Amino acid sequence: MATTTATVTLSSDLLSDAMSVTSSTTCMKAETTSDGLDQCKMGYKEIPTGTNFDLLGADNAAAGNLNKANKVYICNNSTDETYYIVITIDAIVIGRLYAGDWMFIPWGAEDATADIEIQAYTGTNKITYMWFHEGEVLNTTL
Amino acid sequence: MATTAAINITSDIMPGFGGYYKTMTLTQAGTITDIEETTGFSRRKLAATTAVDLITMADASLLLETDDNTAAKVYIKNIGNGRNAADKTTYVTVSIGDTGGTTQEVGRLYGNDWLLMPVSGVDDMDVVVAPSTNDAVVLEYVMFFEV
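The structure reproduced in this document is the subject of the present report. (Residues numbered from 1 in each chain as written. Chains lettered and ligands numbered in written order. Predicted model: local features only at pLDDT ≥ 70, side-chain atom pairs only at ≥ 80, totals over all residues.)

Let us now look at the overall build of chain A. Check the secondary structure of chain A and you find zero helices and ten strands. Of the regular secondary structure in chain A, the N- to C-terminal order runs β-β-β-β-β-β-β-β-β-β. Taking the principal axes of its C-alpha atoms as reference, chain A extends roughly 50 × 40 × 25 Å. Residues classed as buried in chain A amount to 42% of the 142 residues present. At a minimum sequence separation of 6, the contacts of chain A that also span at least 24 residues come to 73%. (Helix = DSSP H or I, 4+ residues; strand = E, 2+ residues; numbered from the N terminus. Buried ≥ 20, exposed ≤ 12 C-beta atoms within 10 Å, placed from the backbone. Contact = placed C-beta atoms within 7 Å.)

And the structure:
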């Protein structure tokens, strides 16, 4: 079985007693306890300000990842704190990743329009991303 | 006062992948000033497939109105039934929107899965959750935000 794990350590001293949470998950295929996600895609992109494009497309129903247990990691590697990207799914804003911020989410990809889109602001943002998934079948070249 | 989050990803899917580690300090939008507000670490038990607002962005629930479109972050973990039994075959769908209106699915949190994501803080762009079954499932969550 392919094994992918994601561990987060969250620490904060905002409260009167410091908070520290560590959590780890093994990324399994949808609705199974015996088979891990076995496909992945990783990349690094530079996105000019104002540009909005699909980082991950959900438009290939044959890919076999719709309504599955996809996991997506996105990091804004920009260093200027005023730089940020807006994350949207199916044109609905999820939130902003400022320079140095990262996110790790399950991605339902519930239908063909549920793409993960990003738009850059202030300057050219530099993005690292990873997508762990299952079931993608490459299409034959037409 | 600082809040930090570190992620460590390991995987043997791709030969030669040596793992990935990244840490971030949660800062206010467009600055290097630390984020200063939090909901505190919370826990909510659900036992029906009905969608509910886990975090409502409007003033009444948070006591402090979230500043819109800034650098808020939410952490959620599906810890299973709360008695050390997390089921990888059932899930909680996490969405953004409002239970009284429309929602956009983010994804499915199976047992022991967690997420950390930015949220806009805009009213009615709440964090909405809906279990896949009527069995008890417990979510642990915290939001860090600006006012």
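Residue-level contacts link 52 residues of chain A with 50 residues of chain B. When residues of the side of chain A that touches chain B are traced back to their parent elements, those giving at least two are β1 (4-12), β2 (19-26), β3 (39-47), β5 (70-76), β6 (84-89), β7 (92-98) and β8 (102-107) of chain A. Here the element with the most residues in the side of chain A that touches chain B is β1(A); it accounts for nine residues. Partitioning the side of chain A that touches chain B into residue classes produces 27 nonpolar, 17 polar and eight charged. Looking at chain direction, β1(A) and strand β1 (residues 3-11) of chain B are connected through nine bridges and run antiparallel. Within β1(B), the residue paired with A6(A) across the bridge is I9(B). (Nonpolar A, V, L, I, M, F, W, Y, C, P; charged D, E, K, R; others polar. Pairing = 2+ DSSP bridges.)

Turning next to the sheet that holds strand β8 (residues 103-110) of chain B. Residues and elements named next belong to chain B. Read from one edge to the other, the open sheet built from four strands follows the order β5-β10-β7-β8, with strand pairing classed as antiparallel. The open sheet is flanked by β5 (52-55) and β8, the only strands paired with a single partner. If you compare each strand with its neighbour and ignore which way they point, the axes differ by 35 degrees on average. For strand β7 (residues 91-97) and β8, the ladder comprises seven bridges, and the chain directions are antiparallel. Bridging from a neighbouring strand, V94 pairs with G107 of β8. (Axes fitted to C-alpha atoms, helices over the stretch in contact; angles between N-to-C directions.)

Our next topic: the sheet that holds strand β2 (residues 20-25) of chain B. Overall, antiparallel pairing links the four strands, which are arranged β2(A)-β1(A)-β1(B)-β2(B) in an open sheet. Both outer strands of the open sheet, β2 of chain A together with β2 of chain B, are each paired with one neighbouring strand and no more. Taking the axes of each pair of neighbouring strands and ignoring which way they run, one obtains an average angle of 10 degrees across the sheet. Sheet topology note: the β1(A)/β2(A) ladder contains eight bridges and is antiparallel. Paired with T9(A) across the bridge in β2(A) is T22(A).

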